[in-house]
Amino acid sequence: MPEGPEIRLAADKVARVLEGKQIIDAKFGLPRLQGREADFIGAKVNALETRGKALLTHFDNGLTIYSHNQLYGRWYVVKRDAHPKTNRSLRLALHTQKHSALLYSASDISIWDQFELDMHPFLARIGPDILNPELTWHDISVRLYSQKFRRRSVASLYLAQDFLAGIGNYLRSEILFDACVHPAARPSDLSRKQLNSLGRSTLKISLRSYETAGLTNPPRRVAALKQQGLRRGEYRHAVFGRANKPCYGCGTSIQKDSFAGRRLYWCQICQAS
Ligand SMILES: [Zn+2]
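Residues numbered from 1 in each chain as written. Predicted model: local features only at pLDDT ≥ 70, side-chain atom pairs only at ≥ 80, totals over all residues.

S.K.: What should I look at first to understand the overall build of the protein in this one?
M.R.: Summing up its helical and strand segments, the protein has 8 helices and 10 strands in all. Within the protein, the proportion of its 273 residues that are buried is 35%. Considering only residue pairs separated by 6 or more positions, the protein has 61% of its internal contacts joining residues 24 or more positions apart. (Helix = DSSP H or I, 4+ residues; strand = E, 2+ residues; numbered from the N terminus. Buried ≥ 20, exposed ≤ 12 C-beta atoms within 10 Å, placed from the backbone. Contact = placed C-beta atoms within 7 Å.)

Laid out in structure tokens, this is it:
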């Protein structure tokens, strides 16, 4: 299941051909949206925004197309009117003069007036997006300690989209390890220093994964592991997927356990509290 960084990378691909461009032709595949094409022809795409796993395509006519890929949706970017090889069903096509951005298989697509977007049931429910450039580490530590979240374990918070949107299973393990926080700890148990450190690690690891297309290990460690001839799957993460391998911090075997119903990897020594 893709997490925030992967969703944002897919959005970047679409943004490169749509942002600032005029829509020459459009097509909706879902019957309930057919007939709305005329609203978009001639409009310019202002920006593509991601909020958690939702993609928002904002137009200069005051409308936004909301799409959520769930498990199956997939964007293709091709030269204008080229057809990608796929048996999937086309749900949305946006054509500029030179390119076509095509969304296949997704069924959660809707059209919104921009001023009503916050009333969308999914968007109203989720927390700030981890890749939102305005989000600071301090915002995250304040949010951790807020009345609403401070009594839940960090292992469950770091899967909860109403806490932060875009975090998923590998980021959860990697962030908690980077911040040296025990998965069962609750924010109310943590010191101010630990809360700040968790806020910083949350931003740092999410951003690193986005910038490197999925690596959460620090660049220097990645370089050293590559030099030893390791493959991507082996140098990608510090703890995730590394059960029984030695911890990079202390050498203890990495532990694999189930927290909040999903597998979590951690070091009992480095994340003692
Ligand atoms: Zn360790």
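S.K.: In this structure, what is going on with the nonpolar core? I would like to understand it.
M.R.: For soluble globular proteins, nonpolar side chains are generally found buried alongside one another. By size, the foremost hydrophobic cluster in this structure holds 35 residues, and its most contacted members are Tyr158, Leu176, Phe177, Val239, Trp266 and Cys267. At the level of secondary structure, the elements contributing two or more residues to this core comprise α3 (137–144), α4 (154–157), α5 (169–178), α6 (192–211) and β10 (262–266). Examining the composition of this core, we find that 5 residues originate from one element, α5, more than from any other. The contact partners of Phe177, leaving out residues within four places of it in the chain, are Ala238, Val239, Trp266, Cys267, Cys270 and Gln271. (Core = buried A, V, L, I, M, F, W, Y, C linked by C-beta atoms within 7 Å.)

S.K.: Got a minute to help me understand the packing of α3 against α6 in this structure?
M.R.: Two quantities define a packed helix pair, namely the angle between the helix axes and the distance between the axes. Relative orientation of the contacting elements α3 and α6 amounts to 125°, with a least axis distance of 8 Å. Between α3 and α6, the angle falls in the class oblique. For the pair α3 and α6, the crossing hand works out as right-handed. Here Trp137, His138, Ile140, Ser141 and Leu144 of α3 come into contact with α6, specifically with Leu195, Asn196, Leu198, Gly199, Arg200, Thr202 and Leu203. (Axes fitted to C-alpha atoms, helices over the stretch in contact; angles between N-to-C directions. Parallel < 35°, antiparallel > 145°, perpendicular 65-115°, else oblique. Left-handed = near helix turned anticlockwise from the far one by under 90°.)

S.K.: Is there a simple way to think about α5 in this case?
M.R.: For an α-helix, 3.6 residues make a turn, and residues three or four places apart therefore share a direction. Burial within α5 is extensive, with 9 of its 10 residues counted as buried. When we look at burial in α5, the residues that qualify are Tyr170, Leu171, Arg172, Ser173, Glu174, Ile175, Leu176, Phe177 and Asp178. Buried residues along α5 sit in contact with α4, α6 and β10. Among the residues trailing α5, Cys180 stands out with phi positive, at a value near 55°.

S.K.: Teacher, can you tell me more about the sheet that holds strand β5 (residues 74–79) here?
M.R.: As summarised here, the arrangement of the 4 strands in space is β1-β6-β7-β5, forming an open sheet in which the pairing is antiparallel. The sheet terminates laterally at β1 (25–28) and β5, the two strands that pair on one side only. Across this sheet, the average inter-strand angle for adjacent strands is 15°, counted without regard to direction. Relative to strand β7 (residues 99–104), strand β6 (residues 90–95) is paired through 5 bridges, and the arrangement is antiparallel. (Pairing = 2+ DSSP bridges.)

S.K.: Could you clarify how one ought to interpret the domain arrangement of the protein in this entry?
M.R.: Frequently, the measure chosen for interface size is the accessible area removed from exposure when the parts meet. The domains assigned to the protein are domain 1 (4–125) and domain 2 (137–237). The distance between the C-alpha centroids of domain 1 and domain 2 comes to 30 Å. With 9 residues of domain 1 at the interface, the matching set in domain 2 holds 10 residues. Partitioning the side of domain 1 that touches domain 2 into residue classes produces 3 nonpolar, 2 polar and 4 charged. (Domains from an automatic or database assignment. Nonpolar A, V, L, I, M, F, W, Y, C, P; charged D, E, K, R; others polar.)

S.K.: Looking at this structure, how should I read the pairing of β6?
M.R.: Consecutive side chains of a regular strand alternate in pointing toward one face of the sheet and then the other. Both β1 and β6 contribute to a ladder of 4 bridges, which runs antiparallel. Looking at β6, one finds that Asp25 is bridged to His95. A loop of 3 residues connects β6 with β7, the two strands running antiparallel in sequence.

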